[in-house]
Amino acid sequence: MKIKAITGNQKYTLESAITDLAFYQSEIAKKEALLNLKITKLKEVFEQDTADQRVKISDLEKEIEAFCKANADEFKKKKSLEFPNGIVGFRTATPKISTLNRKYTFKTALELVKRIFPGSYVRQKEELDKESMIADYGQKKLDDTKLAAVGLRIEQDENFYIELKTERLGAQ
């Protein structure tokens, strides 16, 4: 359906187009709901069919890991061992900072770092408080001239939308 300029009785054409759009969206939503139901049922069947294998996999993984940890000497020269059907090994993880014990938190560590290593290891992120600026602009504490003086402006776009009422179509 081609929509022409809205004048006089053309309003019906637009109304008809919106009705059609709502109907098609409603039909898709119904089919998507059925699809999701079928997917959920298939996933449930899959979960039941593979439950035993997943338990066996988990148990074997734990057993293999325990064996490798108990025989850590085998991984001193090479961090992995290759077999015809797989590789086992130990990967070095990315270093991370953690607290020494429960006595310390990152908050207490931050204060100690500030005291012991002044000027180092503490980030200070500076950024504009845009929300505050918008609030002040709305309350007339900030105007276009003041914003322009610092190279800023307030923008507020107007976006087109279509809000469909598909619940009415269910009765048709």
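Check the entry above for the structure.
Residues numbered from 1 in each chain as written. Predicted model: local features only at pLDDT ≥ 70, side-chain atom pairs only at ≥ 80, totals over all residues. Heavy atoms only, no water.

What the protein chain contains, in helices and strands, is 4 helices and 2 strands. Shown N-terminal to C-terminal, the secondary structure of the protein chain runs as helices and strands in the order α-β-β-α-α-α. Its C-alpha atoms give the protein chain a radius of gyration of 32 Å, more than 25% over the compact-globule value 16 Å for 172 residues. With 172 residues in all, the protein chain has 6% of them scored as buried. Looking at the protein chain as shown, the accessible area adds up to about 17000 Å², and 55% of this sits on carbon and sulfur atoms. (Helix = DSSP H or I, 4+ residues; strand = E, 2+ residues; numbered from the N terminus. Rg over C-alpha atoms; globule rule 2.2 N^0.38 Å. Buried < 20%, exposed > 50% of the residue type's maximum accessible area, 1.4 Å probe, protein only. Areas by Shrake-Rupley, 256 points an atom, 1.4 Å probe, with all protein chains shown as cover.)

For the coordinates displayed, the defined rule picks out 3 aromatic pairs. With a centroid separation of 5.8 Å and 65 degrees between ring planes, the pair formed by Phe23 and Tyr24 is classed as edge-to-face. (Phe/Tyr/Trp six-rings, centres within 6.5 Å; stacked < 30°, edge-to-face > 60°.)

As a further point, take the layout of surface pockets. What the largest pocket holds in volume is close to 360 Å³. Lining the largest pocket are 13 residues, and of these Ile97, Phe106, Ala109, Leu110 and Val113 sit closest to its centre. By residue class, the composition of the lining of the largest pocket is 10 nonpolar, 2 polar and 1 charged. (1 Å grid on protein atoms, 1.4 Å probe; cavity = no way out; pocket = protein on both sides within 12 Å on 5 of 7 lines; lining within 4 Å. Points joined across faces, edges and corners; volume = space filled by probe spheres on them. Nonpolar A, V, L, I, M, F, W, Y, C, P; charged D, E, K, R; others polar.)

Once that is clear, we can look at a nonpolar patch on the surface. A surface patch of nonpolar side chains, about 410 Å² in accessible area, is lined by Ile18, Leu21, Phe160 and Ile162. On the basis of relative accessibility, which here comes to 47%, the residue Ile162 falls in the partly exposed class. (Patch = residues over 30% accessible without salt bridge, like charges linked within 9 Å, V, L, I, M, F, W, Y side chains within 5 Å. Salt bridge = Lys/Arg side-chain N within 4 Å of Asp/Glu carboxyl O.)

With that settled, consider the pattern of salt bridges. This model, assessed by the stated rule, comprises 5 salt bridges. We note a salt bridge from Glu65 to Lys69, for which the minimum N-O separation is 3.0 Å. Residue Glu65 and its partner Lys69 are located together in helix H1 (residues 11–70), separated by 4 residues, close to a single helical turn.

What follows deals with the pairing of strand E1 (residues 80–83). The sheet contact formed by E1 and strand E2 (residues 86–89) spans 4 bridges and is antiparallel. Each residue of the ladder has a partner; that of Leu81, found in E2, is Val88. In this antiparallel pair of consecutive strands, E1 and E2, the connection spans 2 residues. (Pairing = 2+ DSSP bridges.)

Examined against the element boundaries, Asn159 turns out to sit in the segment after helix H4 (144–149). Sequence separation between Asn159 and Gly119 is 40 residues; the distance between their C-alpha atoms is 47 Å.

The phi angle at Tyr121 is positive, at roughly 65 degrees, despite the residue not being glycine. Along the chain, the position of Tyr121 falls in the loop between helix H2 (106–116) and helix H3 (130–138). In this structure, Lys140 is a non-glycine residue whose phi angle is positive, near 65 degrees. You can see Lys140 is positioned in the loop between H3 and H4. Its relative accessible area of 72% is what places Lys140 among the exposed residues.

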